[in-house]
Amino acid sequence: MRELWTTTIDGPFGPMTAGASERGVCLLSFGSPDRLRRELSGLGAECPDTIPAADHPHLARLALEIDQYFDGARATFSVPLDLPGTAWQRRVWRALTEIPCGRTLTYGTLAAHVGNARAARAVGLANGANRVAIVVPCHRVVATGGGLGGYAGGLERKSWLLDH
């Protein structure tokens, strides 16, 4: 079991659960309780009934940067990240962080960018496994033709984030 500090960060569409290890932020989620349970389990942590406010430098920095982002004063994040996953997932997640604020890519374009133009579905799966919403901006990936595609946080949130 890995050591994980968690807290809740308020955002414009409600509370988000944040988590950090000693290495960096590994969770920012506004998903359902079932999704949060899966995300925490994937990090080797149990899902408590309530999320206690933890005091950790990575979480404090994340809260500050998220507030700045939603206030329009920040377009990129510098908080350290801890993104456990497969080599493929980490490659996709790294590429997501390179999509500039205000821009989108299709799943196919992102697949080509990470080296396998025929892997749009695999990019979608890695996108869906992202545990650090907003900071690893999986919301910036859209379907061919510009449709929103899917989003674990809900299409209304995805639309709001893209407009923001």
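These notes cover the structure that comes with them. (Residues numbered from 1 in each chain as written. Predicted model: local features only at pLDDT ≥ 70, side-chain atom pairs only at ≥ 80, totals over all residues. Heavy atoms only, no water.)

Next up on the list: the overall build of the chain. Across its full length, the chain holds 6 helices and 5 strands. Going residue by residue from the N terminus, the α and β elements of the chain occur as β-β-β-α-α-α-β-α-α-β-α. Here the C-alpha radius of gyration of the chain, 15 Å, is about what a compact globule of 164 residues would show, namely 15 Å. A principal-axis box enclosing the C-alpha atoms of the chain has dimensions of 40 × 35 × 25 Å. Across the 164 residues in the chain, those meeting the buried criterion constitute 41%. In the chain, the share of contacts with a sequence separation of at least 24, taken over all contacts with a separation of at least 6, comes to 59%. As displayed, the chain has an accessible area near 8,400 Å², and 50% of this comes from carbon and sulfur atoms. Distance between charge centres in the chain, computed from 17 positive and 15 negative side chains, equals 13 Å. (Helix = DSSP H or I, 4+ residues; strand = E, 2+ residues; numbered from the N terminus. Rg over C-alpha atoms; globule rule 2.2 N^0.38 Å. Buried < 20%, exposed > 50% of the residue type's maximum accessible area, 1.4 Å probe, protein only. Contact = heavy atoms within 4.5 Å. Areas by Shrake-Rupley, 256 points an atom, 1.4 Å probe, with all protein chains shown as cover. Lys, Arg positive; Asp, Glu negative; His and termini not counted. Charge placed at Lys NZ, Arg CZ, Asp CG, Glu CD.)

Before going further, it helps to spend a moment on the environment of W93. Examined against the element boundaries, W93 turns out to sit in helix 3 (residues 87-96). Taking the relative accessible area as the measure of exposure, W93 reaches 2% and is therefore buried. As a C-alpha pair, W93 and A126 span 33 residues in sequence and 7.6 Å in three-dimensional space. Apart from the residues lying within four places of it in its own chain, the contact partners of W93 are L83, P84, G85, A126, A129, N130, R131 and V136.

Viewed as axis vectors pointing N to C, helix 3 and helix 5 (residues 120-128) meet at an angle of 80°, and their least axial separation amounts to 9 Å. In terms of their interaxial angle, helix 3 and helix 5 are classed as roughly perpendicular. Contacts between helix 3 and helix 5 involve W88, Q89, V92, W93 and L96 on the former and, on the latter, A122, V123, A126 and N127. Residue composition of the contact of helix 3 with helix 5, grouped by class: 7 nonpolar, 2 polar and no charged. (Axes fitted to C-alpha atoms, helices over the stretch in contact; angles between N-to-C directions. Parallel < 35°, antiparallel > 145°, perpendicular 65-115°, else oblique. Nonpolar A, V, L, I, M, F, W, Y, C, P; charged D, E, K, R; others polar.)

What follows deals with the environment of L125. Relative to the helices and strands, L125 resides in helix 5. For the pair L125 and V92, spaced 33 residues apart in sequence, the C-alpha to C-alpha distance is 9.9 Å.

Below, the discussion takes up the state of the cysteines. If you walk through the whole model with that rule in mind, you get 0 disulfides. C101 takes part in no disulfide bond, and the closest cysteine sulfur to it belongs to C138, at a distance of 14 Å. The exposure class assigned to C101 is partly exposed, which follows from its relative accessible area of 37%. Residue classification places C138 among the buried positions, given a relative accessible area of 9%. (Disulfide = S-S within 2.5 Å.)

All chains considered together, the criterion is met by 7 aromatic pairs. Ring pairs connect the aromatic residues F13, F30, Y69, F70, F77, Y151 and W160, which therefore count as one cluster. (Phe/Tyr/Trp six-rings, centres within 6.5 Å; stacked < 30°, edge-to-face > 60°.)

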